[in-house]
Amino acid sequence: MTRIAFLGLGHMGLPMAKNLLAAGHEVIGFDVVPAAVDAASAAGLPVAQFGVDAVSGAEVVITMFPAGKHVIAAYQDGLLAAADPGTLFIESSTIAVDEARTAHELAIEAGHRNIDAPVSGGVVGAENGTLAFMVGGSDEDFAAALPLLETMGKRIVHCGGPGLGQAAKVCNNMILGISQIAVAEAFVLGERLGLEHQALFDVVSQASGQCWSITTNCPVPGPVPTSPANRDYQPGFAGALMAKDLGLALQAIEGTGTDAQMGRLAQQIYARFAAGPGAGRDFSGIITDIRDAS
């Protein structure tokens with residue numbers, strides 16, 4: 001049994017924390033949002049009043065925050081100081097590569113261990129314990145974290161040193177954002193050519209256009225009963241989060257001087273989507289914007 005502080009009990013964090021608790025670990029949660037605290041308490045997860053209280057005495061601290069600025073601020077404003085020496089910090093938010101490396105340096109300077117371990121798989125993956133983890137950090141720290149990551153996920157990949165877990169995540173989500181737009185455009189085009197949604201799905205899901213955005217996150221109701229399209233695009237993975245992740249991709253594109261034209265365009269499309277009703281809808285709802293704009 002490991003004593004774990006889990007900070008950030010939102011749509012992803014709470015089911016991840018619940019899986020750790022169900023596996024027999026001692027888990028203390030924390031969140032600044034009252035509704036998240038209420039949901040955690042209703043689920044039987046103990047919740048501390050303050051983050052520093054959750055961290056004190058923990059062997060492992062897992063953070064799942066909205067943005068890198070929140071991670072760095074939390075580290076600097078008491079989490080690192082409150083933790084016992086040598087605590088393993090697992091940073092599972094999706095943040096910029098340079099922010100992940102800054103968080104790593106802060107943790108090391110404070111006498112702790114740190115890995116970046118962002119996730120892929122959405123709320124369903126978090127609930128089912130089938131997330132994919134992309135991990136950046138030392139071999140030793142990866143090995144120490146692996147049993148816990150395997151409780152929350154199905155595929156765990158050590159991508160290299162500090163920050164490289166976030167590097168893999170930003171590349172993955174750039175592919176995802178681009179492919180979801182392509183799939184949405186194809187279905188709108190198919191509609192206007194007279195194709196039934198099911199017919200197009202039956203072809204593409206078994207042909208060279210097959211991808212996760214078709215087989216799992218199909219943007220039209222019907223072909224994939226569990227896709228957000230069948231529940232009025234309730235996330236899932238919200239358009240605002242995809243816009244944020246593509247913003248991180250754009251930072252990386254510009255910082256490395258990469259000629260990534262599709263990544264830039266996808267960022268612009270999702271930024272517009274998230275500026276309107278798409279902010280709270282699943283990112284596959286981009287199909288509604290494509291229909292309206294055509």
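Our structure is the block above this text.
Notes on the structure follow. (Residues numbered from 1 in each chain as written. Predicted model: local features only at pLDDT ≥ 70, side-chain atom pairs only at ≥ 80, totals over all residues. Heavy atoms only, no water.)

### Some words on the overall build of the protein chain
Thought 1: When you go through the protein chain residue by residue, the secondary structure sums to 13 helices and eight strands.
Thought 2: Taking 19 Å as the expected radius of gyration for a compact globule of 294 residues, we find that the protein chain reaches 20 Å, a close match to that expectation.
Thought 3: Referenced to the eigenvectors of the C-alpha coordinate spread, the extents of the protein chain come out at roughly 65 × 45 × 35 Å.
Thought 4: Taking as baseline every contact in the protein chain between residues at least 6 positions apart, the subset at least 24 positions apart corresponds to 65%.
Thought 5: Accessible area for the protein chain stands at about 13000 Å²; split by element, carbon and sulfur atoms hold 57% of it.
Thought 6: Charge separation in the protein chain, taken as the distance between the mean sites of 15 positive and 29 negative side-chain charges, equals 6 Å. (Helix = DSSP H or I, 4+ residues; strand = E, 2+ residues; numbered from the N terminus. Rg over C-alpha atoms; globule rule 2.2 N^0.38 Å. Contact = heavy atoms within 4.5 Å. Areas by Shrake-Rupley, 256 points an atom, 1.4 Å probe, with all protein chains shown as cover. Lys, Arg positive; Asp, Glu negative; His and termini not counted. Charge placed at Lys NZ, Arg CZ, Asp CG, Glu CD.)

### Description of unusual backbone geometry
Only a minority of non-glycine residues have a phi that is not negative, and only a minority of peptide bonds are not trans.
Thought 1: With an omega of 10°, the peptide bond running from proline 235 to glycine 236 counts as cis.
Thought 2: Within the secondary structure, glycine 236 is located in the loop between α10 (212-215) and α11 (239-256).
Thought 3: The phi angle at aspartate 232 is positive, at roughly 55°, despite the residue not being glycine.
Thought 4: With respect to the helices, strands and loops of the structure, aspartate 232 is situated in the loop between α10 and α11.
Thought 5: On the basis of relative accessible area, aspartate 232 is assigned to the exposed category, the value being 56%.
Thought 6: One non-glycine residue, tyrosine 233, lies in positive phi territory at about 60°.
Thought 7: Residue tyrosine 233 is classed as buried on the basis of its relative accessible area of 7%. (Buried < 20%, exposed > 50% of the residue type's maximum accessible area, 1.4 Å probe, protein only.)

### Some words on helix α9 (residues 197-204)
Thought 1: Every buried residue of α9 is listed here: Leu200, Phe201 and Val204. Viewed end-on, α9 has its buried residues packed into an arc of 100°, placing them on one side of the element.
Thought 2: Along its buried surface, α9 packs onto α8 (164-193) and α10. (Arc of directions from axis to C-beta.)

### Section: the pairing of strand β4 (residues 88-91)
The side chains of a regular strand alternate, first on one face of the sheet and then on the other.
Thought 1: Because side chains alternate across β4, one face comprises the buried residues Leu88 and Ile90, and the other comprises Phe89 and Glu91, equally buried.
Thought 2: With four bridges joining them, strand β3 (residues 60-63) and β4 adopt parallel strand pairing. The partner of valine 60 across the bridge, within β4, is leucine 88.
Thought 3: In this view, the connection linking β3 to its parallel neighbour β4 by way of helix α4 (residues 68-82) has right-handed handedness.
Thought 4: Alignment of β4 against strand β5 (residues 113-116), held across four bridges, turns out to be parallel. Directly across from leucine 88, in β5, lies its bridge partner arginine 113.
Thought 5: Remark: the β4/helix α5 (residues 97-109)/β5 crossover connection has right-handed handedness. (Pairing = 2+ DSSP bridges. Right-handed = clockwise from strand over helix to strand, strands pointing away.)

### So, the pattern of salt bridges
Thought 1: Using the criterion set out here, one finds five salt bridges in the structure.
Thought 2: The partner of arginine 113 in a salt bridge is aspartate 141, with the nearest N and O atoms 3.9 Å apart. Of this pair, arginine 113 sits in strand β5 while aspartate 141 is found in helix α7 (residues 139-152), placing the two residues 28 residues apart along the sequence.
Thought 3: Given a relative accessible area of 9%, aspartate 141 falls into the buried group.
Thought 4: In this structure, arginine 264 engages glutamate 254 in a salt bridge whose closest nitrogen and oxygen atoms are separated by 3.5 Å. In this pair, arginine 264 is assigned in helix α12 (residues 261-274) and glutamate 254 in helix α11, connecting sequence segments ten residues apart. (Salt bridge = Lys/Arg side-chain N within 4 Å of Asp/Glu carboxyl O.)

### Describing the side chain of threonine 87
Thought 1: Position of threonine 87 among the secondary structure elements: in the loop between α4 and β4.
Thought 2: The residues contacting threonine 87, other than those within four sequence positions of it, are Ala58, Glu59, Val60, Val61, His112 and Arg113.

### As for the environment of glycine 239
Thought 1: Relative to the helices and strands, glycine 239 resides in helix α11.
Thought 2: For glycine 239, the contacting residues outside a window of four places in its chain are Tyr270, Phe273, Ala274, Gly278, Ala279, Arg281, Asp282 and Phe283.

### Observations concerning the environment of alanine 144
Thought 1: With respect to the helices and strands, the residue alanine 144 is situated in helix α7.
Thought 2: Alanine 144 sits in the partly exposed class, given a relative accessible area of 38%.
Thought 3: For the pair formed by alanine 144 and alanine 100, sequence separation is 44 residues and the distance between their alpha carbons is 19 Å.
Thought 4: Once residues within four sequence positions are removed from consideration, alanine 144 is found in contact with Leu88 and Arg113.

### Notes on the layout of surface pockets
Thought 1: Looking at the second largest pocket, its volume works out to about 300 Å³.
Thought 2: Those elements that provide at least two residues to the lining of the second largest pocket are α5, α8 and α11.
Thought 3: A per-element tally of the lining of the second largest pocket places α11 first, with seven residues. (1 Å grid on protein atoms, 1.4 Å probe; cavity = no way out; pocket = protein on both sides within 12 Å on 5 of 7 lines; lining within 4 Å. Points joined across faces, edges and corners; volume = space filled by probe spheres on them.)

### Looking at the side chain of aspartate 282
Thought 1: Counting through the fold element by element, aspartate 282 comes out in the loop between α12 and α13 (286-293).
Thought 2: With no salt bridge to any partner, buried aspartate 282 finds its closest opposite charge in arginine 231, at an N-O distance of 5.6 Å.
Thought 3: Engagement of the side chain of aspartate 282 in a polar contact is seen with the side chain of asparagine 217, the distance being 3.3 Å.
Thought 4: Those residues in contact with aspartate 282, other than ones at most four positions away along the chain, are Asn217, Pro228, Tyr233, Gln234, Pro235, Gly236, Phe237, Ala238, Gly239 and Phe273. (Polar contact = N/O pair within 3.5 Å; in protein donor to acceptor, adjacent residues only side chain to side chain.)

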